[in-house]
Amino acid sequence: MGKLAIISDLHADINHLAEAELAILLEVLQERAITRLHFAGDSANQIQQTLEINAYFRKQGIETTFNLGNHEMGSVVGEAMIEHYPDSHFLNFRYLPLNESTVLLGVNGWYDYQFSDLTDQEKIASMKNLYWYDRIIQRSGDDPAVNQRILEQLDMVLRDLKEKNYRVILATHFVPQDQFIVRLEGRYQIWNKLNAFLGSASMGHLLDQYDNISDVVFGHTHRRFEEQMIQGTRYHCRPLGYYYEWRLTRDFVIKNQLVEEYNPMKLRGVLRKHQEAFQSYKLLHLKQEFQQAMTVIAY
């Protein structure tokens, strides 16, 4: 019997996670007797840092794999590198046997615009080029076409695993089910349009067809949800996200009465003014944040 931990959206560079912070994560993994670790995208903006983070945990004795998120994709060049990055620990349409009956399948994923309030694909693409980080990513074809290619490849892999009677734990980066899309009101309604880039409803429809998928783990949305059962599959979404979105950060600013109204998007300036105090508080409470942002699955 083993335990697999899956973590998404570590964002080690943005969150200033150096060796001291990674050591705290290692402590959490060791306390929970984790035997395998997988990072489901956005470990860092630069692929080299993602590789270094993976290597750190392997050196500590934990077998570690990864798939890409959109942030790493921005630092690699071309479709071939995104889909077939030359590292033996990279899982994209590749699966890792965990035991005789269970495999971990990694898939980068992408998006099909179906989660957006907009339906005009040209307008959605225009918004992406104006507002979204992914405009720097070099892909072959428009987003719906890229997504369709991914689904076709994924379907072939899933069909093969079904025929071999494997239980599948699937790790991906992007959101595959509408239940994990938050729609806002008032001045933040623009995010309902930008939901176009959060994931792929068509991937969810594909996954619904395979009853041997026991668990799907993903992130990207930077919101944590309770586990949900959909078509017999357990879905887990517990991304770490950016430091100004963390629960420990909310506790810090409220406890110290640093803001009159809590708004994560407006905390960066506040935290810069209290950088030393926040760093001390972060190191004291980061362990709990890591625990809340981790999916653990027995195999």
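Owing to the predicted nature of the structure, the values given are computational and were not obtained by experimental measurement. (Residues numbered from 1 in each chain as written. Predicted model: local features only at pLDDT ≥ 70, side-chain atom pairs only at ≥ 80, totals over all residues. Heavy atoms only, no water.)

Caption draft 1: Main features of the sheet that holds strand E2 (residues 36-40). Strand order in the open sheet formed by four strands is E3-E2-E1-E10, and the pairing between neighbours is mixed. Both edges of this open sheet fall to strand E3 (63-67) and strand E10 (295-298), since each of them pairs with a single strand only. Neighbouring strand axes in the sheet, compared pairwise and without regard to direction, differ in orientation by 20 degrees on average. As defined by bridge partners, E2 adjoins E3 across five bridges and the pair is classed as parallel. For Arg36, the partnering residue across the bridge sits in E3 and is Glu63. Relative to E3, helix H2 (residues 47-59) is tilted by about 160 degrees, and along the sheet it contacts E2 and E3. (Pairing = 2+ DSSP bridges. Helix = DSSP H or I, 4+ residues; strand = E, 2+ residues; numbered from the N terminus. Axes fitted to C-alpha atoms, helices over the stretch in contact; angles between N-to-C directions. Contact = heavy atoms within 4.5 Å.)

Caption draft 2: Focus on the nonpolar core. Counting 84 residues, the largest nonpolar core has Leu10, Leu29, Phe57, Leu105, Leu154 and Leu207 as the members making the most contacts within it. In terms of residue count, the dominant contributor to this core is helix H6 (residues 143-163) (seven residues). Those residues in contact with Leu105, other than ones at most four positions away along the chain, are Phe93, Arg94, Tyr95, Leu154, Val157, Leu158, Leu161, Val168, Ile169, Leu170 and Ala171. Core analysis: the next-biggest nonpolar cluster, separate from the first, contains twelve residues, Ala40, Ile169, Ala171 and Val217 among them. (Core = buried A, V, L, I, M, F, W, Y, C linked by side-chain atoms within 4.5 Å. Buried < 20%, exposed > 50% of the residue type's maximum accessible area, 1.4 Å probe, protein only.)

Caption draft 3: Focus on the pattern of salt bridges. Using the criterion set out here, one finds 14 salt bridges in the structure. Between Glu79 and Arg139 there is a salt bridge whose closest N-O contact spans 2.8 Å. Here Glu79 is found in helix H4 (residues 79-83), whereas its partner Arg139 is found in the loop between helix H5 (121-131) and H6, with 60 residues between them in sequence. By the burial criterion, Glu79 is buried, and Arg139 matches it. What emerges from the salt-bridge pattern is a single network uniting Glu79, Glu83, Arg139 and Arg149. (Salt bridge = Lys/Arg side-chain N within 4 Å of Asp/Glu carboxyl O.)

Caption draft 4: Molecular detail of a nonpolar patch on the surface. A cluster of nonpolar side chains, namely Leu130, Tyr131, Tyr188, Ile190 and Trp191, defines an oily patch on the protein surface of about 500 Å² accessible area. Elements that contribute at least two residues to the nonpolar patch include exactly H5 and helix H7 (190-194). Relative to the assigned elements, Ile190 resides in helix H7. (Patch = residues over 30% accessible without salt bridge, like charges linked within 9 Å, V, L, I, M, F, W, Y side chains within 5 Å. Areas by Shrake-Rupley, 256 points an atom, 1.4 Å probe, with all protein chains shown as cover.)

Caption draft 5: Main features of the sheet that holds strand E9 (residues 233-237). Taken in spatial order, the six strands line up as E4-E5-E6-E7-E9-E8 in an open sheet, and their pairing is mixed. Looking along the sheet, the strands with just one partner apiece sit at the ends: strand E4 (94-97) and strand E8 (228-230). The mean angle between the axes of side-by-side strands here comes to 25 degrees, regardless of whether they run parallel or antiparallel. Judged from the six bridges that link them, strand E5 (residues 102-107) and strand E6 (residues 167-172) form a sheet pairing that is parallel. The partner of Val107 across the bridge, within E6, is Thr172. Across the sheet, H6 lies against E4, E5, E6 and strand E7 (213-218), angled at about 175 degrees from E5, the strand it touches most.

Caption draft 6: How the structure looks around the side chain of His38. Relative to the helices and strands, His38 is located in strand E2. Relative accessible area serves as the criterion here: at 0%, His38 is assigned to the buried category. A polar side-chain atom of His38 sits 2.8 Å from a polar atom in the side chain of Thr65. When sequence neighbours within four positions are dropped, the list of residues in contact with His38 reads Leu4, Ala5, Ile6, Ile7, Thr65, Phe66, Asn67, Leu91, Leu104 and Ala171. (Polar contact = N/O pair within 3.5 Å; in protein donor to acceptor, adjacent residues only side chain to side chain.)

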